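Architecture and fold: a report
So the chains spell out like this:
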Amino acid sequence: MQPETVTVASGRPARTPGAPLNAPITLASAFVPGGESEYGRFGNPAYDAFERVVGDLEGGRALGFASGIATAAATLSLVRHDATVVIPRHGYNGTTSLVTSGAYEVRLIDPSDTAASVAAFDGADLVWLESPTNPAMEVGDLPTLVAAARESGALVAVDNTFRTPLRDRPLSYGADIVVHSASKLLCGHSDLVLGVLATRDDTLYERLRRHRTLHGALPGALESFLATRGIRTLAVRLERAEANAAALAERLAGHPAVSEVRYPGFGTMVCFVVDDAERAQRATESSRLVTYATSLGGVETTWERRRRMAAEPDTIPAGLIRLSVGIEALEDLWDDITEALQ
Ligand SMILES: *Cc1c(COP(=O)(O)O)cnc(C)c1O
């Protein structure tokens, strides 16, 4: 089946008479002995539907976690505490903060520079890839980078939050683990925090599952249900938001207040630079339709000046606005954006 069909059809209960079409939210900490799981920290049927649909989409076995960052923590548990870890210099700043807070030897790469990235993989234990980076929007040649990282003997994880399995499937070209912040596009409605990862390797799956059980960063039953429901409409949300994003990127490139647009030609994220940082800040706070907020991937369009975040490196321009494009009518978005920029 095509991935668009999988988003709708996977993770449904068996079609027995009287069965619900959707997997129910199972609110239970304990289960009658003799089944798959006796206690909620070991598993819950409410995770199964979510994990099945994400696993089917990514082409592996999935595990839900309490947040996207918990999937990064679980992945890091696979290497020694003093391991050599390669991460993008402009990757998601929560992941960067997590990796640099440990005893790891950290190597920063620009994934759009293939030769320099590959050189940094030499002797690495874990290579963490993200493309496009957030919010620098550097785009890497992921199949080449994944192959080179594997060749060097490193474990390879790809954060697929920005592309989703409808646009890229890193396990299919050799990544060991693919991770998501399901709080973003998978859920799509800005109403939960949740993470999920997938792997084809049974040994890795068991180690990651054991980490989840021991450390307790479990998905919630309600969050798993809502994210599964969100995935049902992912294909249409993505198509609409991407069309809006492409049109806005083109128009912003011609706007007199905008000096640079960073849009890789796909996806729902558009970053652009307004030379005057104060003007960028005022614009994002004065829009009426576009919401001034962090996060991304919801049906509603949001924006923020990224450098207002203390953790954002100063290699990101002070006037860079990160726009997460939603599914509203294009002309309403454009009217609001141009008015706010004025
Ligand atoms: C938000 C985000 C994360 C972290 O996920 P949480 O669900 O907030 O813990 C990781 N990677 C990317 C690319 C993100 O945008």
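Small disclaimer: the values here were computed from a predicted structure and weren't measured. (Residues numbered from 1 in each chain as written. Predicted model: local features only at pLDDT ≥ 70, side-chain atom pairs only at ≥ 80, totals over all residues. Heavy atoms only, no water.)

Here we look at the sheet that holds strand β8 (residues 258-262)
Rules: Paired strands, in this sense, are two strands between which DSSP finds at least two bridges. For the purposes of this entry, the term helix denotes a DSSP run of H or I that reaches at least four residues, the term strand denotes a run of E that reaches at least two, and both are numbered from the N terminus.
If you walk across this open sheet you meet the five strands as β8-β9-β12-β11-β10, and the pairing is mixed. The sheet is open, and its two edges are formed by β8 and β10 (291-292), each paired on a single side.

Observations concerning the pairing of strand β12 (residues 320-324)
Here is the rule we go by: In this scheme, a residue with accessible area under 20% of its type's maximum is buried, one over 50% is exposed, and one in between is partly exposed, where area comes from a 1.4 Å probe on protein chains only.
Counting buried residues along β12, five of its five residues qualify, which places the element largely inside the surrounding structure. Neither face of β12 is open: one carries L320, R322 and S324, the other I321 and L323, and all of them are buried. Sheet topology places strand β9 (residues 269-274) next to β12; five bridges connect them, and they run antiparallel. Looking at β12, one finds that F272 is bridged to I321. For strand β11 (residues 302-305) and β12, the ladder comprises four bridges, and the chain directions are antiparallel. Each bridged residue has a counterpart across the sheet, and for R305 the counterpart in β12 is I321.

Considerations on the packing of aromatic side chains
Operational definition: Two aromatic rings, drawn from Phe, Tyr or Trp (for Trp, its six-membered ring), form a pair once their centres lie within 6.5 Å of each other, and the interplanar angle then sorts them: stacked below 30 degrees, edge-to-face above 60, tilted otherwise. Throughout this description, the term charge over a ring refers to an Arg CZ or Lys NZ atom that lies within 6 Å of the ring centre and within 35 degrees of the ring normal.
A complete count under the given rule lists two aromatic pairs for this structure. Aromatic pair Y39 and F42: ring centres 5.9 Å apart, planes at 75 degrees, arrangement edge-to-face. Considering the side-chain rings of F272 and W303, the 6.4 Å spacing of their centres and the 45 degrees angle between planes classify their relative orientation as tilted. With F272 in strand β9 and W303 in strand β11, this residue pair connects regions lying 31 residues apart in the sequence. Just above the ring of Y205 sits the side chain of R61; from NZ or CZ to the centre is 3.7 Å.

Details of the packing of helix α9 (residues 234-253) against helix α11 (residues 330-341)
We apply this condition: Axis angles are defined between N-to-C directions and span 0 to 180 degrees, where every axis is a line fitted to C-alpha atoms and, for a helix, only to the segment in contact. Should the near helix be turned counterclockwise from the far one by less than a right angle, the crossing is left-handed, whereas a clockwise turn marks it as right-handed. Whether two residues are in contact is decided by their heavy atoms: any pair within 4.5 Å suffices. Any residue that is not Ala, Val, Leu, Ile, Met, Phe, Trp, Tyr, Cys, Pro, Asp, Glu, Lys or Arg is counted as polar, Gly included; the first ten are nonpolar and the last four charged.
Two elements in contact, α9 and α11, have axes separated by 11 Å at closest approach and are oriented at 35 degrees. Helix-helix and strand crossings are classified by hand; for α9 and α11 the assignment is right-handed. In this structure, α9 uses N244, A247, L248, R251 and L252 to contact α11, whose residues at the interface are L330, E331, L333, W334, I337 and L341. Considering only residue class, the contact of α9 with α11 consists of eight nonpolar, one polar and two charged.

A word on the packing of helix α3 (residues 68-76) against helix α4 (residues 93-100)
Between α3 and α4, the shortest axis-to-axis distance is 10 Å and the interhelical angle comes to 35 degrees. Our pair here, α3 against α4, has a crossing hand that is right-handed. In this structure, α3 contributes I69, A72, A73 and L76 to the contact, and α4 contributes G94, T95, L98 and V99. Grouping the amino acids of the contact of α3 with α4 by side-chain chemistry returns six nonpolar, two polar and no charged.

As for the domain arrangement of the chain
Basically, it comes down to this: Domain ranges listed in this record stem from an automatic or a database domain assignment. Defined here as a combined quantity, buried area equals the accessible surface (1.4 Å probe) lost by two parts on assembly, summed across both. Take a side-chain nitrogen of Lys or Arg and a carboxyl oxygen of Asp or Glu: if they are within 4 Å of each other, that pair is a salt bridge. Pairs of N or O atoms are called polar contacts if they sit within 3.5 Å, as long as, within protein, a hydrogen donor faces a hydrogen acceptor (for residues adjacent in sequence, only side-chain-to-side-chain pairs).
Taken as a whole, the chain is organised into domain 1 (3-231) and domain 2 (235-341). Relative to domain 2, the C-alpha centre of domain 1 lies at a distance of 26 Å. In this complex, domain 1 contributes 25 residues to the contact, which on the side of domain 2 involves 25 residues. Roughly 2100 Å² is buried in total at the junction of domain 1 and domain 2, and carbon and sulfur atoms are behind 61% of that figure. The partner of R167 in a salt bridge is E242, and the shortest N-O contact between them spans 2.8 Å. Between the two partners, domain 1 and domain 2, sit ten residue pairs in polar contact (both at pLDDT 80 or more). Split by residue class, the side of domain 1 that touches domain 2 holds eleven nonpolar, nine polar and five charged.

Description of the site of the ligand
Condition: Throughout, the term near means that a residue has one or more heavy atoms lying within 4 Å of the molecule or strand in question. All accessible-area figures derive from a Shrake-Rupley calculation using a 1.4 Å probe, and residue coverage is judged against the displayed protein chains alone.
In the vicinity of the ligand there are 13 residues, among which I69, D159, S181, S183 and K184 approach most closely. Between an oxygen atom of the ligand and a side-chain N or O atom of S183, the distance comes to 2.7 Å. In the complex, 89% of the free accessible area of the ligand, which totals 380 Å², lies under the protein chains. Partitioned by chemical class, the residues of the shell around the ligand number four nonpolar, six polar and three charged.

What about the environment of R305?
The topology assignment puts R305 in strand β11. The class for R305 is buried, based on a relative accessible area of 14%. Ignoring sequence-local partners within four residues, the contact set of R305 consists of A277, A280, Q281, T284, A318, L320 and I321. A polar side-chain atom of R305 sits 2.8 Å from the main-chain carbonyl oxygen of A318.

Here's the deal with the sheet that holds strand β2 (residues 84-88)
Here seven strands make up an open sheet; going across it, the order is β1-β7-β6-β5-β4-β2-β3 and the pairing mixed. Across the chains shown, the open sheet's two edge strands, defined by having one partner strand only, are β1 (61-65) and β3 (105-109). The average undirected angle you get between the axes of adjacent strands in this sheet is 20 degrees. Running at roughly 160 degrees to β2, α4 makes contact with β2, β3 and β4 (126-130) of the sheet. Set on the sheet, helix α6 (residues 142-151) makes contact with β4 and β5 (155-159); between it and β5 the angle comes to about 155 degrees.

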